[in-house]
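Topology and contacts: notes
Here is what each chain is made of, one letter per residue.
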Amino acid sequence: KCKLLVGNHICVLEVVYLFYTAALPSFVSRIENLSVPLMKIITTACDAIIVNRDAAASRAKTIETILNRARDPRSAQVMIYPEGTCSAQTSLFLYKRGAFEPAAPIQMVVFKYPFQH
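The sections below set out a description of the structure shown in this document. Once a new chain begins, its residue numbering starts again from 1 and follows that chain's sequence as written. This being a predicted model, a pLDDT of at least 70 is required before a residue's local features are given, and a value of 80 or more before pairs of side-chain atoms are given or counted; all residues contribute to the totals for chains, interfaces and linings. The side-chain numbers reported here are obtained from all heavy atoms of the structure, hydrogens and water having been left aside.

**Section: the overall build of the chain**
Using the following cut-off: Working definition: helices are DSSP H or I runs of at least four residues, strands are E runs of at least two. Numbering for both runs from the N terminus. Partly exposed residues are those whose accessible area sits between 20% and 50% of the maximum for their type, while under 20% is buried and over 50% is exposed, using a 1.4 Å probe and protein chains only. The contact definition used throughout considers only heavy atoms, calling two residues in contact when any of these lie within 4.5 Å. In these tables, accessible area is a Shrake-Rupley quantity obtained with a 1.4 Å probe, and a residue counts as shielded only by the protein chains included in the view.
Counting its regular elements, the chain contains three helices and five strands. When burial is assessed residue by residue, the chain has 41% of its 117 residues classed as buried. Across the chain, the fraction of contacts at a sequence separation of at least 24, relative to all contacts at a separation of at least 6, is 60%. Entry remark: accessible area of the chain is about 7300 Å², with carbon and sulfur atoms responsible for 60%.

Here it is as structure tokens:
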């Protein structure tokens, strides 16, 4: 079982979907999401990795945490959305390299919803 899941990010529904299909994986979330009440509950419940994207030390700690979890056979899978934002399904945004810096095996995940914007 691959520990790191990497995929496109359309909306928050992917997080909810993964709860039901991937045995409650953790995920990487920007610190701003903690101000959203439901997201704060979800991030706490699944031990999400919180990153302050404006702070180099936080970004470095995030990469270290991702690598530690990838190596730990007892840790949950970690979902990473390297686009760093949601998209409207019309194209992919540039993937940020932080998701790949741990150089750990990844499983690509594609989310596509059956509606158009």
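**Examining the sheet that holds strand β5 (residues 106-109)**
Across a sheet, paired strands are connected by hydrogen bonds in the backbone, their directions being either parallel or antiparallel. Counted only if it meets this: Here the rule is simple: two strands pair whenever DSSP picks up at least two bridges between them. Between N-to-C directions, angles cover 0 to 180 degrees, with each direction set by a line fitted to C-alpha atoms, over the stretch in contact for helices.
The parallel open sheet is built from five strands, whose spatial order is β3-β2-β4-β1-β5. Across the chains shown, the open sheet's two edge strands, defined by having one partner strand only, are β3 (49-51) and β5. Strand-to-strand twist in this sheet, taken as the mean axis angle between neighbours without regard to direction, amounts to 30 degrees. Sheet topology places strand β1 (residues 4-7) next to β5; four bridges connect them, and they run parallel. When the bridges of β5 are listed, L5 appears paired with Q107. Seen against the sheet, helix α3 (residues 56-71) touches β1, β2 (26-30), β3 and β4 (78-80) and runs at an angle of roughly 165 degrees to β3.

**Quick look at a nonpolar patch on the surface**
Filter applied, for reference: In this scheme, patches are assembled from residues that exceed 30% relative accessible area and form no salt bridge. Like charges are connected within 9 Å, while nonpolar side chains (Val, Leu, Ile, Met, Phe, Trp, Tyr) are connected within 5 Å. Whenever Lys or Arg places a side-chain nitrogen within 4 Å of a carboxyl oxygen from Asp or Glu, that contact is recorded as a salt bridge.
On the surface, F100, I106 and M108 cluster together to form a nonpolar patch covering roughly 240 Å² of accessible area. Following the sequence through the fold, I106 ends up in strand β5.

**As for the pairing of β1**
Along β1, one buried face is formed by L4 and V6 and the opposite face, lined by L5 and G7, is buried too. By the bridge criterion, three bridges tie β1 to β4 in an arrangement that is parallel. Along β4, the bridge assignment pairs L5 with M79.

**Side note on the side chain of N33**
Structurally, N33 is set in the loop between β2 and α2 (37-45). Taking the relative accessible area as the measure of exposure, N33 reaches 18% and is therefore buried. Leave out the neighbours within four places in its chain, and N33 touches M39 and K40.

**Notes on the pattern of salt bridges**
Evaluated as defined, the whole model comprises three salt bridges. Across the pair E64 and K61 runs a salt bridge whose closest N-O atoms are separated by 3.9 Å. Here K61 and E64 lie together in helix α3, a separation of three residues that amounts to about one turn. K61 gets classed as partly exposed once you look at its relative accessible area, which sits at 49%. Between D72 and R74 there is a salt bridge; the shortest N-O distance is 3.7 Å. When its relative accessible area of 23% is taken as the criterion, D72 is described as partly exposed.

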